[in-house]
Amino acid sequence: MKDLLFIREVLIPPLLEGLAVTIKLIFFSIPFGLLAGMIIATGRVYGNRMISFLCRAYVIVFKGTPLLMLLFLIYFGLPSLGISFQPFTAAVIGFVICNGAYNSEYIRGALLSVRTGQLMAAEALGMTRGQAVINIILPQAMRRALPGISNEIIYLIKYSSLAYMLTCIELTGAGKIVASRYFKFTLVFLVVGVFYLCLVTIAGRILGFLEKKLQIPGLIK
Amino acid sequence: MAGEIILKVRDIHKSYGSTEVLRGISFDVQKGETKVFIGSSGTGKSTLLRCINQLTVPDRGQVWLHGEEVTHSGKEINRLRQKIGMVFQNFNLFDHLTARKNVEVALIKVRKMNRKEAGDKAMEELVRVGLEDKADLYPAELSGGQAQRVSIARALAMDPDVMLFDEPTSALDPELTGEVLQVMKDLAQNGMTMLVVTHEMGFACSVANEIIFMEKGEILESGSPSELICNPRYDRTKQFLNKLGELYGDIGRQR
């Protein structure tokens, strides 16, 4: 009974504030992560040698290093070069870079799976390579990549907790503060866990709906 | 038909590695003419069509459309390609777009038409191939014959001067072949200039002004249907026609 009162009166209000920050982090990261993924993947598949190489290097570097290290570099390292960000901005930049690298892998595979005949048909109609990729190939590739991208978005929701390490007080950070003050780690982080579970479930539902909505009629997966 | 020559093909060569696919192909196409290319697989018929609109860049030789060089045209190629419609064996419809949008998309993106105008034009072309009632279906919801007719409508929407057909019925059931050939016949009769790679000798006989027999990347002989089919000059041509006859029935000879 005392615990319930504690949860309602002491824990929930700061957690809701943290939740708002978490949602904001995700909300800003998803579209730019998608865009980064599309650009990197398209550059790898359709770019010239130089662009293709640069895009591959990007993926190798950011898939191969820990996100936390990247966040520290952006927030604590870049100021020494005269570039400094707010904690929130630094976190979003880090998430977008990381999310983009993973997304690009799914999109690249999807780009390669769209039949090249359609590219030829588009070019035969007078489209430039760029027009054909943007109007014909990418829309189909994005649909095919969506299940993988959905997975990345779920991951993103969870690793958004790393923003706390840059003093951006989101859901996990808000929980940590309450837990330390009242020394109730088990209770607090169980509740925080429930919050994440809800977030992920809702996101999963939305993404599932989107996948269905975007399905091309008649096409068997 | 002593019409104006609208397409000139001169000395086209193309090799893939050490394999010479095309070894010097030249011919002229008059306005309103239908030329049918026959020959066994691997003789470069499809490659030749793709060289005409530069989807495949030939190693040597030139293509001229209305006196303008298509080969070595640099950025101009995108404008010239609009004038050269192409229909593929596997339709190559855009899977994520409805039949109508398939026809519309190049009008909007390439011709910069507004949506209303492009939509009307697309419907017009779909009516022409008898598919106005399928306008809102996606390619995967169409039969092969319908899909191929949509792809013909898509090419026609650009108002091409010449149409290239690369084995347009080879991926179709015999039952669906007829509807596509009918559309092509109508086109030819309405004065469209067409180059057709096909094994449909019935179509060739009734529509072609000239049949060109290709062998090993060269034009072995050519002539009007009656000349080529009834009196082939070379044994190789005779052999090939006999093979087609065994497979598809002696359509050509029954005329």
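Structure: above.
Parameters at a glance
- Residues numbered from 1 in each chain as written.
- Chains lettered and ligands numbered in written order.
- Predicted model: local features only at pLDDT ≥ 70, side-chain atom pairs only at ≥ 80, totals over all residues.
- Heavy atoms only, no water.
- Salt bridge = Lys/Arg side-chain N within 4 Å of Asp/Glu carboxyl O.
- Helix = DSSP H or I, 4+ residues; strand = E, 2+ residues; numbered from the N terminus.
- Contact = heavy atoms within 4.5 Å.
- Buried area = accessible area lost by both parts, 1.4 Å probe.
- Polar contact = N/O pair within 3.5 Å; in protein donor to acceptor, adjacent residues only side chain to side chain.
- Nonpolar A, V, L, I, M, F, W, Y, C, P; charged D, E, K, R; others polar.
- Core = buried A, V, L, I, M, F, W, Y, C linked by side-chain atoms within 4.5 Å.
- Buried < 20%, exposed > 50% of the residue type's maximum accessible area, 1.4 Å probe, protein only.

Under the counting rule described, the total for this entry stands at 23 salt bridges over all chains. K63(A) is the salt-bridge partner of E105(A), the closest N and O atoms lying 2.9 Å from each other. Within this pair, whereas E105(A) is found in helix α4 (residues 87-113), its partner K63(A) is found in helix α2 (residues 49-63), the two being separated by 42 residues in sequence. Note that R111(B) and D159(B) form a salt bridge whose closest N and O atoms lie 3.2 Å from each other. Residue R111(B) is located in the loop between α3 (99-109) and α4 (115-128), and its partner D159(B) is located in the loop between α5 (144-156) and β7 (162-166); the two are separated by 48 residues in the primary sequence.

Interfaces are often described in size by the accessible area the parts lose on coming together. Chain B puts 27 residues into the contact, and the matching count from chain A is 22 residues. Among the residues chain B hides against chain A, the three largest losses belong to F94(B), D95(B) and H96(B). Together they make up 29% of the total. Joining chain B to chain A, the criterion identifies five residue pairs in polar contact (both at pLDDT 80 or more). Looking at the side of chain B that touches chain A, the elements that each hand over two or more residues are α2 (77-82), β6 (84-87), α3 and α5 of chain B. When the residues that make up the side of chain B that touches chain A are grouped by side-chain class, the tally is 14 nonpolar, six polar and seven charged.

The next point concerns the nonpolar core. Within the largest apolar cluster, 107 residues are counted, with the highest numbers of intra-cluster contacts made by I52(B), I152(B) and L195(B). Tallying contributions element by element places helix α6 (residues 129-159) of chain A first for this core, with 10 residues. With near-sequence residues (within four places) excluded, I52(B) lies in contact with L7(B), V9(B), F27(B), V63(B), V70(B), I84(B), L164(B) and L195(B). L11(A), A91(A), C168(A) and V191(A) belong to the second-largest nonpolar core, a separate cluster that totals 38 residues.

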